[in-house]
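Examination of the molecular architecture
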Amino acid sequence: MNSSTIAAVIAGFGTGLSLIVAIGAQNAFVLRQGARRHAVLAVVAICALSDAALIALGVTGVGTVVTAWPAALTAVGLVGGAFLLCYGFLAARRVLRPDPAAALAGGGPEAGSVRRAVLTCLAMTWLNPHVYLDTVLLLGSLASDRGDLRWAFGAGAAVASLCWFAALGFGARLLTGVLSRPKAWRVLDGLVAVTMLVMGGMLVAGA
């Protein structure tokens, strides 16, 4: 691997990380699943693989097709916004009506099925137009500027996504001591509720 390829990978990694780290619905969901230690591997894998697939589409130039169909992004925005609003209201209800059994000590299989976590993660990933704008359009256009090194740039961005979601999902277990108290869960659910409601409202309003 020559120096130009390495530089393109590093540039892709830095660019991808700067876009992914921002607090959003997907990150809030991964953090909550990680704190509950529930379906973490599945959730992290879905987020990382989905980003890799979308980045690959952007590198191949699919972004030009997406921009040609603005109605598709509008439809995704409405559906995704409605989904996030519903999830946000559920999180807000948990804040107002906390369940003592929801503390981390009781966050085992009863916390919800793996299937439900997987479906929710898929919805948050693929029904969010911002994901397409960041990965397919923005990263795709930046990669195209690299010419023959565009795939190295895209690979760097995909690795950044994997590193971030793995750190967020598996690193959340470090909060075990704090989240052993129901009050801490109310704070976390409050953060999730605000994030989801704001993101959902923005998607619906902008669709």
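In what follows, the structure referred to is the one given above.
Residues numbered from 1 in each chain as written. Predicted model: local features only at pLDDT ≥ 70, side-chain atom pairs only at ≥ 80, totals over all residues. Heavy atoms only, no water.

Focus: the overall build of the protein
Across its full length, the protein carries nine helices and zero strands. Looking at the protein alone, contacts between residues at least 24 apart form 90% of all its contacts between residues at least 6 apart. Put simply, the protein shows about 10,300 Å² of open surface, and 71% of that area lies on carbon and sulfur atoms. (Helix = DSSP H or I, 4+ residues; strand = E, 2+ residues; numbered from the N terminus. Contact = heavy atoms within 4.5 Å. Areas by Shrake-Rupley, 256 points an atom, 1.4 Å probe, with all protein chains shown as cover.)

Quick notes on the nonpolar core
Within the largest apolar cluster, 27 residues are counted, with the highest numbers of intra-cluster contacts made by Phe-29, Leu-84 and Met-196. Residue contributions to this core peak at seven residues, all from helix H9 (residues 182-206). Sequence-distant contacts of Phe-29, defined by excluding residues within four places in its chain, comprise Val-43, Tyr-87, Ala-117, Thr-120, Cys-121, Met-124 and Met-196. In terms of nonpolar packing, the next biggest core, distinct from the first, is built from eight residues, Ile-55, Val-59, Phe-153 and Ala-157 among them. (Core = buried A, V, L, I, M, F, W, Y, C linked by side-chain atoms within 4.5 Å. Buried < 20%, exposed > 50% of the residue type's maximum accessible area, 1.4 Å probe, protein only.)

Quick word on the packing of aromatic side chains
Centre distance and the angle of the planes are the two values used to describe a pair of aromatic rings. Scanning the model with the defined rule gives one aromatic pair in all. Relative to Tyr-87, the ring of Phe-29 lies with its centre 6.0 Å away and its plane at 75 degrees, an arrangement referred to as edge-to-face. In this pair, Phe-29 is assigned in helix H2 (residues 25-36) and Tyr-87 in helix H5 (residues 70-96), connecting sequence segments 58 residues apart. By relative accessible area, Phe-29 is classed as buried at 4%. (Phe/Tyr/Trp six-rings, centres within 6.5 Å; stacked < 30°, edge-to-face > 60°.)

Observations concerning the packing of helix H1 (residues 3-20) against helix H8 (residues 150-171)
Packed helices, taken two at a time, are described by the angle between their axes plus the distance between the axes. Here H1 crosses H8 at 45 degrees, and the two axes come no closer than 6 Å. The angle between H1 and H8 falls in the class oblique. When you trace H1 past H8, the crossing you get is right-handed. Each of Thr-5, Ala-8, Val-9, Ala-11, Gly-12, Phe-13, Thr-15, Gly-16, Leu-17 and Ile-20 in H1 lies in contact with H8, whose residues at this interface are Ala-152, Phe-153, Gly-156, Ala-157, Val-159, Ala-160, Ser-161, Cys-163, Trp-164 and Phe-165. Considered class by class, the residues forming the contact of H1 with H8 number 14 nonpolar, six polar and no charged. (Axes fitted to C-alpha atoms, helices over the stretch in contact; angles between N-to-C directions. Parallel < 35°, antiparallel > 145°, perpendicular 65-115°, else oblique. Left-handed = near helix turned anticlockwise from the far one by under 90°. Nonpolar A, V, L, I, M, F, W, Y, C, P; charged D, E, K, R; others polar.)

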